[in-house]
Amino acid sequence: MKLSARNVFSGTVSGITKGAVNAEVTLTLTGGTPVVAVVTNASVDSLGLAVGTEACAIIKASSVIIGTDLHDARVSARNIMCGTVAKVVEGPVSTEVDVEIGGGNTISAVITHGSARNLGIKAGGHACALFKASSVILGVS
Amino acid sequence: MKLSARNVFSGTVSGITKGAVNAEVTLTLTGGTPVVAVVTNASVDSLGLAVGTEACAIIKASSVIIGTDLHDARVSARNIMCGTVAKVVEGPVSTEVDVEIGGGNTISAVITHGSARNLGIKAGGHACALFKASSVILGVS
Amino acid sequence: MKLSARNVFSGTVSGITKGAVNAEVTLTLTGGTPVVAVVTNASVDSLGLAVGTEACAIIKASSVIIGTDLHDARVSARNIMCGTVAKVVEGPVSTEVDVEIGGGNTISAVITHGSARNLGIKAGGHACALFKASSVILGVS
């Protein structure tokens, strides 16, 4: 299956914590970056997820926030990937920002045109992509 | 690929409107229910989406809001599916609510425990599931 | 209309910018705080939104990120509301954090247990709630 979600990162499950409804699953990407996902327990079971399972993390571009000057900021978003802005596609309402985060991966975000302008986002600049664990869908082949 | 996203509905693309960055794609599910998705133009192109393409709409349970007494409600969320609560799984913070929406489909939502209690959600009751077009990921085989 | 979404804030539409697919709608809450929403053009039309329309902004708790020490941080999330943590409900995976943001409003966030611990979130502390414009649903009576 091919997905419209712009961000699909491959890795290996390195940790699972189950609660009553949800489970927190940590995926270690090729390259070492961890991605934390919160999915339902039922999904962990139906996908047969366990430590060592190869899986991918899928994140829709509209779930990604772009930040700059985050040095001292502390946010609850479990996933923060920083790098260099590779491309900016501007629209009247929305702007797409692609950030190269190393290891051959690029993360795409769709933010408002106003935010992109206020942050001064442009190709070649430094930016961080943030997304919540609850925005991550896991897939297994 | 198998996905952790609890809600995967099959259908056929019945409309596409492209903007500068995003496109609105309407999928008509088997059974006739329309699902509206907003995805990036780049995804429409890479998936080869066109009117008539078979595709599925993928929605993470945590993106779904549960509502009751929506008769007079007018909300911007483009997707509203109503039916009967089939199952409720309670946790200390989150509660999973599964709603049978006809055509053999069930939609799962993860809402807060407090909301489920306030709405009086229980198996057998009537409820509606709402989700934004921007929460929908499209997949093609 | 009763919704599971924990955050429903009343206000008046103070601005609308339309694109080809999406529109950016600014709502000024009672008290003066602006909330920015991105919804589809079709929703703007079907709800009859115009400057001066009374509407409410609906945000699911799971779409809200909690941050501290955000003084110099610059993020694309258009909506940032700061205040005092009123309540924390802990689960094994998820934690609910309620922040009083003035004007009689409280915003609820569901974040991971790990984040709440790392940020040292506790009742009485200062915290900010961030959410993307695309996470906001608009409703009219």
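Going along each chain's sequence as written, the residues are numbered from 1 onward. Following the order in which they are written, the chains are lettered starting with A and the ligands numbered starting with 1. Given that this is a predicted model, residues contribute local features only at a pLDDT of at least 70 and side-chain atom pairs are listed and counted only at 80 or more, while totals for whole chains, interfaces and linings are drawn from all residues. Side-chain calculation: all heavy atoms of the structure are included, whereas hydrogens and water are not.

1. Side note on the overall build of chain A
Then, in step 1: What counts as a helix is a DSSP run of H or I of at least four residues, what counts as a strand is a run of E of at least two, and both are numbered from the N terminus. When helices and strands are counted, chain A shows two helices and twelve strands.
Then, in step 2: Taken from the N to the C terminus, the helices and strands of chain A come in the order β-β-β-β-α-β-β-β-β-β-β-α-β-β.
Then, in step 3: With the radius of gyration taken over C-alpha atoms, the globule rule is written as 2.2 Å times the number of residues to the power 0.38. The C-alpha atoms of chain A give a radius of gyration of 15 Å, which matches the 14 Å a tight globule of 141 residues would have.
Then, in step 4: Judged by the C-alpha coordinates and their principal axes, chain A covers about 45 × 35 × 25 Å.
Then, in step 5: Burial statistics for chain A: of 141 residues in total, 59% are counted as buried.
Then, in step 6: Contacts are assigned to residue pairs that have any heavy atoms within 4.5 Å of one another. The long-range fraction of contacts in chain A, counting pairs at least 24 apart against all pairs at least 6 apart in sequence, stands at 62%.
Then, in step 7: The method behind every accessible area is Shrake-Rupley, applied with a 1.4 Å probe, and residues are considered shielded solely by the protein chains displayed. Looking at chain A as shown, the accessible area adds up to about 5,100 Å², and 47% of this sits on carbon and sulfur atoms. A simple rule labels every residue: compare its accessible area, found with a 1.4 Å probe on the protein chains alone, to the largest value its type can have, and call it buried under 20%, exposed over 50%, or partly exposed in between.

2. Overview of the UniProt feature "domain: Mop" (unreviewed entry) in chain A
Then, in step 1: UniProt positions are given in the numbering used here, feature names are shortened, and annotations may be inferred rather than shown by experiment. If you check UniProt for "domain: Mop" (unreviewed entry), the listed places come out as residues 2-68 and 74-140 of chain A in our numbering.
Then, in step 2: Secondary structure over residues 2-68 of chain A splits into 10% helix and 58% strand, and the C-alpha atoms at its two ends are 31 Å apart.

3. Here's the deal with the sheet that holds strand S9 (residues 94-102) of chain A
Then, in step 1: Each pair of strands is called paired provided DSSP finds at least two bridges between the two strands. The six strands lie next to each other as S10(A)-S9(A)-S8(A)-S11(A)-S6(A)-S7(C), forming an open sheet whose pairing is antiparallel. Looking at strand neighbours, the two that pair on one side only are strand S10 (105-112) of chain A together with strand S7 (74-75) of chain C, the edges of this open sheet.

4. A short note on the interface of chain B and chain A
Then, in step 1: In this assembly, 36 residues from chain B lie in contact with 37 residues from chain A.
Then, in step 2: Here chain B meets chain A over a buried area of about 2,700 Å², counting both sides, of which 63% is carbon and sulfur.
Then, in step 3: In the sections that follow, a salt bridge refers to a side-chain nitrogen of Lys or Arg positioned within 4 Å of a carboxyl oxygen of Asp or Glu. For the interface between chain B and chain A, the tally reads zero salt bridges.
Then, in step 4: At the level of secondary structure, the elements contributing two or more residues to the side of chain B that touches chain A comprise strand S1 (2-3), strand S4 (34-40), helix H1 (41-47), strand S5 (54-59), strand S8 (79-90), strand S9 (94-102) and strand S12 (137-140) of chain B.
Then, in step 5: Under the scheme applied here, ten amino acids are nonpolar (Ala, Val, Leu, Ile, Met, Phe, Trp, Tyr, Cys and Pro), four are charged (Asp, Glu, Lys and Arg), and all others, including Gly, are polar. Classifying every residue of the side of chain B that touches chain A by side-chain character gives 18 nonpolar, 13 polar and five charged. For any pair of parts, buried area is found by adding up, for both, the accessible area (1.4 Å probe) each one loses once the two are put together.

5. Points about the domain arrangement of chain A
Residue and element names in this part refer to chain A.
Then, in step 1: For the domain bounds, the source is a domain assignment made automatically or taken from a database. Annotation of chain A at the domain level lists domain 1 (7-59 + 134-139) and domain 2 (61-132).
Then, in step 2: On the side of domain 2, 13 residues touch domain 1, which itself brings twelve residues to the contact.
Then, in step 3: Carbon and sulfur atoms make up 54% of the area that domain 1 and domain 2 hide from each other, which totals about 1,000 Å².
Then, in step 4: For domain 1, the biggest contributors to the area lost against domain 2 are Asn7, Phe9 and Ile59; these three give 44% of the whole.
Then, in step 5: Counting the contacts that link domain 1 with domain 2 gives one salt bridge.
Then, in step 6: Pairs of N or O atoms within 3.5 Å make up the polar contacts considered here, provided that, within protein, one atom can donate a hydrogen while the other can accept it, and that residues adjacent in sequence are counted only when both atoms are side-chain atoms. Viewed at the interface, domain 2 and domain 1 are joined by five residue pairs in polar contact (both at pLDDT 80 or more).
Then, in step 7: Among the elements that line the side of domain 1 that touches domain 2, the one with the most residues is strand S4 (residues 34-40), at three residues.
Then, in step 8: Among the residues forming the side of domain 1 that touches domain 2, the class breakdown is seven nonpolar, four polar and one charged.

6. Details of the pattern of salt bridges
Opposite charge on two side chains makes pairing possible when the charged atoms of those side chains draw close.
Then, in step 1: Summed over all chains, the structure comprises nine salt bridges over all chains.
Then, in step 2: One salt bridge connects Arg78(A) with Glu24(A), and the closest N-O pair in it is separated by 3.2 Å. Within this pair, whereas Arg78(A) is found in the loop between strand S7 (74-75) and strand S8 (79-90), its partner Glu24(A) is found in strand S3 (residues 22-29), the two being separated by 54 residues in sequence.
Then, in step 3: Note that Glu96(B) and Arg6(B) form a salt bridge whose closest N and O atoms lie 2.9 Å from each other. Taken as a pair, Glu96(B) in strand S9 and Arg6(B) in the loop between S1 and strand S2 (7-18) lie far apart in primary sequence, 90 residues in all.
Then, in step 4: You can call Glu96(B) buried: its relative accessible area is 5%.
Then, in step 5: Residue class for Arg6(B) comes out partly exposed when judged on its relative accessible area of 24%.

7. A look at the relation of the copies chain C and chain B
Then, in step 1: With an RMSD of 0.1 Å, chain C superimposes on chain B once it is rotated by 121° and translated 0.0 Å along the axis. The relationship between the two copies is best expressed as a three-fold rotation axis. Copy-to-copy superposition: least squares on the C-alpha atoms, limited to residues that have pLDDT of at least 70 in both copies.

8. Brief notes about the relation of the copies chain B and chain A
Then, in step 1: Expressed as a screw operation, the relation of chain B to chain A combines 0.0 Å of axial shift with a rotation of 180°, fitting to an RMSD of 0.1 Å. As the rotation angle and translation indicate, the two copies are arranged about a two-fold axis. The C-alpha atom lying nearest the rotation axis in chain B is that of Met1(B); the distance is 3.1 Å.

9. Remarks on the interface of chain C and chain B
Then, in step 1: Contacts between chain C and chain B engage 38 residues on the former and 36 residues on the latter.
Then, in step 2: Run the count over chain C and chain B and you get zero salt bridges.
Then, in step 3: Where chain C meets chain B, there are 16 residue pairs in polar contact (both at pLDDT 80 or more).
Then, in step 4: For the side of chain C that touches chain B, the elements supplying multiple residues, two or more each, are strand S1 (2-3), strand S4 (34-40), helix H1 (41-47), strand S8 (79-90), strand S9 (94-102) and strand S12 (136-140) of chain C.
Then, in step 5: Its residues placed into classes, the side of chain C that touches chain B shows 19 nonpolar, 14 polar and five charged.
Then, in step 6: Examined bridge by bridge, strand S6 (residues 65-68) of chain B and S1(C) share two bridges and lie antiparallel to one another. Its bridge partner being in S1(C), Thr68(B) is matched across the sheet by Lys2(C).

10. Some points on a negative patch on the surface
Then, in step 1: Among the surface-exposed residues, Asp69(A), Asp72(A), Asp69(C) and Asp72(C) lie close enough to one another that they form a single negatively charged patch.
Then, in step 2: If you trace the backbone, Asp72(C) turns up in the loop between strand S6 (65-68) and S7.
Then, in step 3: Given a relative accessible area of 60%, Asp72(C) falls into the exposed group. A patch is a set of surface residues, each over 30% in relative accessible area and not in a salt bridge, joined within 9 Å for like charges and within 5 Å for the nonpolar side chains Val, Leu, Ile, Met, Phe, Trp and Tyr. Charge counting treats Lys and Arg as positive and Asp and Glu as negative, with His and both chain ends excluded. To locate a charge, take atom NZ for lysine, CZ for arginine, CG for aspartate or CD for glutamate.

11. Concerning the pairing of S8(B)
Residues and elements named next belong to chain B.
Then, in step 1: Here S8 pairs with strand S11 (residues 126-131) via six bridges, running antiparallel. For asparagine 79, the partnering residue across the bridge sits in S11 and is phenylalanine 131.
Then, in step 2: In this structure, S8 lies alongside S9, joined through six bridges in antiparallel fashion. Of the residues in S9, the one forming a bridge with glutamate 90 is threonine 95.
Then, in step 3: Between S8 and S9, which follow one another and run antiparallel, lie three residues.

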